[in-house]
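# Chains, contacts and geometry: an overview
These are the residues of each chain, in order.
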Amino acid sequence: MQSTHEITHSAHKAPRILWLTEELYPPQIGGVELMVARLSAELARTGLDVRVITRQTQPPSAPEERIGSVSIRRLAPGGVLKGRGWRAAPPLLAFFARLSFALVRDARRYDVLIVSGMKTIPLVAVPLGRVLGKPSIVRVESTNELDEPGFGEQPGRRRGPLGRLANRFFERLQRAALIRADSVIALSGALEKRLLQKGVQASRICQIPNAIDLRSFSPATALEREALREQLSLPRGATLMIYVGRLSRAKGVDLLVRMWPRISARHPDLHLLIAGEGRDSHDDCEAEMREQLRSGLPGHERVRMLGPIDRVHLYLKASDLYILPSHFEGFSIAIIEALASGLPALLTPVGSVPELIRDGENGFIFAAQDGDALAAAVDVAVAARERWPEIGRRARATVETMDLAAVGEQYRSLLDALLERRSRAAQSMGRSDPKAVRH
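Quantities reported herein were computed from a predicted structural model and do not represent experimental measurements. (Residues numbered from 1 in each chain as written. Predicted model: local features only at pLDDT ≥ 70, side-chain atom pairs only at ≥ 80, totals over all residues. Heavy atoms only, no water.)

### Concerning the overall build of the protein chain
Along the backbone of the protein chain there are 17 helices and 14 strands. Counting the 439 residues in the protein chain, one finds 57% classified as buried. Long-range pairs, those at least 24 residues apart, make up 69% of the contacts in the protein chain between residues at least 6 apart in sequence. Of the roughly 18900 Å² of accessible surface on the protein chain, a fraction of 53% belongs to carbon and sulfur atoms. (Helix = DSSP H or I, 4+ residues; strand = E, 2+ residues; numbered from the N terminus. Buried < 20%, exposed > 50% of the residue type's maximum accessible area, 1.4 Å probe, protein only. Contact = heavy atoms within 4.5 Å. Areas by Shrake-Rupley, 256 points an atom, 1.4 Å probe, with all protein chains shown as cover.)

In structure tokens form, the structure reads like this:
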């Protein structure tokens, strides 16, 4: 455990950060992974010592490596545990044991713990951080983490008695970890409201959005768009609508493909680009979608499956519309990338969307898991074609405050405030306890 002198001293130097995430850090490229990578790199860019501990990928990545200025350590076991229900317990317990050992062994090498995700790691990191005298910050990634605690099952599979019992147990543990964390980051107002309902003190909640590089994701001129379409071998005279995200049922992309015959019949100049993959998603629907398209789905010739792409910003610049028919979200990175690119976005009212989008002004909102509503939203968006430039400008203005550097500065301020608070508490304890000063 840190002495009073060590705690006081840590508040007067740049904090050393240990970032923990069960989501598999790059090479995986989901939303959580990308945000941990971007924010840790941004904090390292400002001079902080940042290390990341995550779970191993499958197939295995390097157990230890350095990406830019950030040190990465991957702990076994590897692979996806989400969707396995209580069967995920044994490998998860093995991960907890290795993580606990690493936190204790390296305690002198970090000052603050940041945890991405509420499902599992805070159950170990928050109480152990308190024992070790390390402030802990928990990032809650979505309301789904709070609404469905514990082990998730695959879609369509019902939990048995053991699974229900385990989930109730995990719900209590998760609530205890939330309440005892030094700070909890809510990505949106909706998340902040849910945290308050869970009993987290308002003074411990800090609302910080996800971040975006506004220089990379920016609107294209008409000439730039045409040049990009030629460069990327995309239809030059068509209207392009793009989906970017995991190919999972929770994202609603399977519904989009099922509704495509009706949509394409109404809008013969509309082409659909689908960027992403289903691998590592417990509700992967990629194979099903590809089979539907191969079987001659009406309008299939105007659908292009791009697979995983590393130049998302170029495809967004080349497109006219963005669509994400998700069932639930936290604070979607894909959405703010589309808004920053000046695209009218068709979105469901989940996660941060109601706080970002004013229907018909800077985007379009339709009901989740409703094919008729999805098709009608496309009709409305296409009918508003003359207003797309105006809608795009408003969309861009919506995310102007979410630049990566600005959000990174909010994290720096939170870190400094936590360590300063810990320092004042230690000094107060020292004044009341002469032994603490001598120690």
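### Regarding the packing of helix H9 (residues 253-266) against helix H14 (residues 371-383)
The packing of two helices is summarised by the inter-axis angle and the distance between the axes. The geometry of H9 relative to H14 is characterised by a closest axis approach of 10 Å and an angle of 45° between their N-to-C directions. Overall, the two elements H9 and H14 adopt an arrangement that is oblique. Of the two possible hands of crossing, H9 and H14 adopt the one that is right-handed. Across from Leu255, Leu256, Met259, Arg262, Ile263 and Arg266 in H9, the residues of H14 making contact are Gly371, Asp372, Leu374, Ala375, Ala376, Val378 and Asp379. When grouped by side-chain class, the residues that make up the contact of H9 with H14 number 8 nonpolar, 1 polar and 4 charged. (Axes fitted to C-alpha atoms, helices over the stretch in contact; angles between N-to-C directions. Parallel < 35°, antiparallel > 145°, perpendicular 65-115°, else oblique. Left-handed = near helix turned anticlockwise from the far one by under 90°. Nonpolar A, V, L, I, M, F, W, Y, C, P; charged D, E, K, R; others polar.)

### Considerations on the pattern of salt bridges
Taken as a whole and judged by the stated rule, the model has 27 salt bridges. Here Glu291 makes a salt bridge to Arg294, at a shortest N to O gap of 3.1 Å. One end of the pair, Glu291, and the other, Arg294, are both in helix H10 (residues 286-294), 3 residues apart, so they sit about a helical turn from each other. Linked through salt bridges whose partners overlap, the residues forming this network are Arg51, Arg105 and Asp106. (Salt bridge = Lys/Arg side-chain N within 4 Å of Asp/Glu carboxyl O.)

### Some thoughts on the confidence of the model for the protein chain
On average, residues of the protein chain score 89 in pLDDT, and 90% of them are at 70 or above. This model gives residues 1-11 a pLDDT under 50, and the stretch forms 24 contacts once residues within four places in sequence are excluded. Segment residues 435-439: pLDDT under 50, and 7 contacts once partners within four positions in sequence are set aside and those in other chains are kept. (pLDDT = per-residue confidence, 0-100.)

### Topic: the packing of aromatic side chains
Taken as a whole and judged by the stated rule, the model has 2 aromatic pairs. Ring centres 6.5 Å apart and planes at 40° place the aromatic pair Phe95 and Phe96 in the tilted group. Residue Phe95 is classed as buried on the basis of its relative accessible area of 0%. Note on Phe96: relative accessible area 10%, which makes it buried. Across from the ring centre of Tyr110, 5.1 Å away, lies the NZ or CZ of Lys134, which sits over that ring. (Phe/Tyr/Trp six-rings, centres within 6.5 Å; stacked < 30°, edge-to-face > 60°. Lys NZ or Arg CZ within 6 Å of the ring centre and 35° of its normal.)

### Focus on the sheet that holds strand S11 (residues 303-307)
The 6 strands are arranged S11-S10-S9-S12-S13-S14 in an open sheet whose pairing can be described as parallel. Every other strand in the sheet has two partners, leaving S11 and strand S14 (364-365) as the edge strands with one partner each. Across 3 bridges, the pairing between strand S12 (residues 321-324) and strand S13 (residues 345-347) is parallel. When the sheet's bridge partners are listed, Tyr322 is paired in S13 with Ala345. The strands touched by H9 are strand S9 (239-244), strand S10 (270-275), S11 and S12; relative to S10, the strand with the most contacts, the crossing angle is about 165°. (Pairing = 2+ DSSP bridges.)

### Brief notes about the sheet that holds strand S8 (residues 205-207)
Ordered by their spatial adjacency, 8 strands build an open sheet running S3-S4-S2-S1-S5-S6-S7-S8, and the pairing between neighbours is mixed. The sheet terminates laterally at strand S3 (64-67) and S8, the two strands that pair on one side only. Ignoring which end each strand starts from, the neighbouring axes of this sheet average 25° apart. Sheet topology note: the strand S7 (residues 183-186)/S8 ladder contains 3 bridges and is parallel. Bridge pairing in S8 links Ala186 to Gln207. Strands in contact with helix H2 (residues 31-45) are strand S1 (17-21), strand S2 (50-55), strand S4 (70-75), strand S5 (112-116) and strand S6 (136-140); relative to S1, the strand with the most contacts, it is inclined by about 175°. In the packing of helix H4 (residues 122-132) onto the sheet, contacts are made with S1, S5 and S6, and the angle to S5 comes to roughly 165°.

### A short note on the nonpolar core
Ranked by internal contacts, the top residues of the largest apolar core, which has 138 residues, are Leu20, Ile274 and Tyr322. Residues in contact with Leu20, not counting those within four places in the same chain, are Ile53, Leu99, Leu103, Leu113, Ile114, Val115, Ser116, Ile121 and Ala125. (Core = buried A, V, L, I, M, F, W, Y, C linked by side-chain atoms within 4.5 Å.)

### So, the pairing of S6
Of all 5 residues making up S6, 5 are buried, and the element is well covered by its neighbours. The side-chain alternation of S6 yields two buried faces, one formed by Ser136, Val138 and Val140 and the other by Ile137 and Arg139. In this sheet, S7 lies alongside S6 in parallel orientation, the contact comprising 4 bridges. If you follow Val140 over to S7, its bridge partner there is Ala186.

### Brief notes about the pairing of S4
Here S2 runs beside S4; their pairing, made up of 5 bridges, is parallel. Paired with Arg51 across the strands is Ser71, a residue of S4. Pairing of S3 with S4, which is carried by 4 bridges, proceeds in the antiparallel orientation. Paired with Glu65 across the strands is Ile72, a residue of S4. Two successive antiparallel strands, S3 and S4, enclose a turn made up of 2 residues, where Gly68 displays a positive phi of approximately 65°.

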